[in-house]
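Each chain, letter by letter, is given below.
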Amino acid sequence: MRRQAEPVLLFALGQAARPRIPLAGFLRVKPGPDRLRNGRFAGSGRMSRMTRTRIKICGVRDVATAQAAVAAGADAVGLVLVAGSPRCINVDQAKEIAAALPAIVEPVGLFVAESPSRVLAAAKHVGLRTVQLHGDERPEHVQQLKDLRVIKAIGFAPASALQAIDPWRSQSPNLVALLWDAPAADAAACPGGSGQRFNWDEVARLESNGALDGLPPRILAGGLTPQNVGRAIATVRPYAVDVS
């Protein structure tokens, strides 16, 4: 975790001074018709007045860093299980970190273009209930992970945004969120995310004209810093932010 992650955490948590409601609690709930309002899960896709922005710290590689993230207020901890990523860890390391987390903090395993069978095997070994897919996976892939809760990452480029998100309108029962990130110019060189910010105002525009109705709750990632995370939250109003 970079040195900036903890200030980002504390700033984001300060956006709503309320008792912590863990990301794990949200991930246990699948929005049903009675809980949708204008295509959005009340208090999730866009943050309601009764909730705050949740925080996920990704790229944690050891127990000490995980514990520091928990102490700073993280709701979820991301474990990168992607060969070639600078933050990659193996399943035994991930298992040790997951076992050290308190029950209110959710471990999330990150995978890129991995077969469902390998994702399921790794999740079972580590003890994961939630995984994040950061490759070119399709809804059929998510459906094969029916025993897991799935966060699907979407590379947000204004010219192709609707094309990228349309396949996810018919939600799989276990798809609990879409993570919005900047598309990587070279996915092979940047597996698991670009680390760059994208046009948040374009997301707000799509939201205002109803283009995002019916989609799962949003997690915002990509280029978040102590200097810009406040504006990001105010603009996009995500359910959660993801900081590496």
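Up top you'll find the structure we're talking about.
What counts and how
Residues numbered from 1 in each chain as written. Predicted model: local features only at pLDDT ≥ 70, side-chain atom pairs only at ≥ 80, totals over all residues. Heavy atoms only, no water. Salt bridge = Lys/Arg side-chain N within 4 Å of Asp/Glu carboxyl O. Buried < 20%, exposed > 50% of the residue type's maximum accessible area, 1.4 Å probe, protein only. Core = buried A, V, L, I, M, F, W, Y, C linked by side-chain atoms within 4.5 Å. Contact = heavy atoms within 4.5 Å. Phe/Tyr/Trp six-rings, centres within 6.5 Å; stacked < 30°, edge-to-face > 60°. Helix = DSSP H or I, 4+ residues; strand = E, 2+ residues; numbered from the N terminus. Pairing = 2+ DSSP bridges. Axes fitted to C-alpha atoms, helices over the stretch in contact; angles between N-to-C directions.

**Student:** Would you explain the pattern of salt bridges in this entry?
**Tutor:** Oppositely charged side chains can pair when the atoms bearing their charge come close. Applying the stated criterion across every chain yields a total of 10 salt bridges. Its salt-bridge partner being R169, residue D166 comes within 2.9 Å of it at the nearest N-O pair. Assessed through its relative accessible area of 40%, D166 is described here as partly exposed. Taking the relative accessible area as the measure of exposure, R169 reaches 29% and is therefore partly exposed. We note a salt bridge from E202 to R205, for which the minimum N-O separation is 2.6 Å.

**Student:** For this particular structure, what's the right way to read the nonpolar core?
**Tutor:** Buried together is how nonpolar side chains tend to be arranged in soluble globular proteins. Core analysis: the biggest nonpolar cluster contains 53 residues, and V131, W180, F198, L220 and L224 have the highest contact counts within it. Sequence-distant contacts of W180, that is, excluding residues within four places in its chain, are made with I154, F156, I165, F198, V203, L212, L215, R218, I219, L220 and A221. Residues A76, A153, V176 and A177 belong to the second largest nonpolar core, which totals 11 residues.

**Student:** Hey, could you run me through the packing of aromatic side chains in this one?
**Tutor:** One pair of aromatic rings is described through two measures. These are the centre distance and the angle between the planes. Applying the stated criterion to the full structure yields 2 aromatic pairs. Ring centres of F156 and W180 lie 5.3 Å apart, and the angle between their planes is 40°; this geometry places the pair in the tilted category. Placement of F156 in the loop between β7 (149-155) and α7 (161-165) and of W180 in strand β8 (residues 175-181) is noted, with a sequence separation of 24 residues between them. Overall, F156 belongs to the buried group, its relative accessible area being 2%.

**Student:** What should I look at first to understand the pairing of β7 in this one?
**Tutor:** The side chains of a regular strand alternate, residue by residue, between the two faces of the sheet. Counting buried positions along β7 gives 6 out of 7 residues, so the element sits mostly inside the fold. Here strand β6 (residues 130-133) pairs with β7 via 4 bridges, running parallel. The partner of L133 across the bridge, within β7, is K152. Judged from the 6 bridges that link them, β7 and β8 form a sheet pairing that is parallel. Residue pairing for β8: K152 is matched across the bridge by L178.

**Student:** Got a minute to help me understand the sheet that holds β7 in this structure?
**Tutor:** Paired through backbone hydrogen bonds, the strands of a sheet run either parallel or antiparallel to each other. One closed barrel accounts for 8 strands, arranged β3-β4-β5-β6-β7-β8-β9-β10; its pairing is parallel. Here the average twist between neighbouring strands, direction ignored, is 25°.

**Student:** Would you mind showing me how to read the environment of A204 here?
**Tutor:** Mapped onto the fold, A204 is located in helix α8 (residues 200-208). C-alpha of A204 to C-alpha of T235: the two residues are 31 residues apart in sequence and 6.3 Å apart in space.

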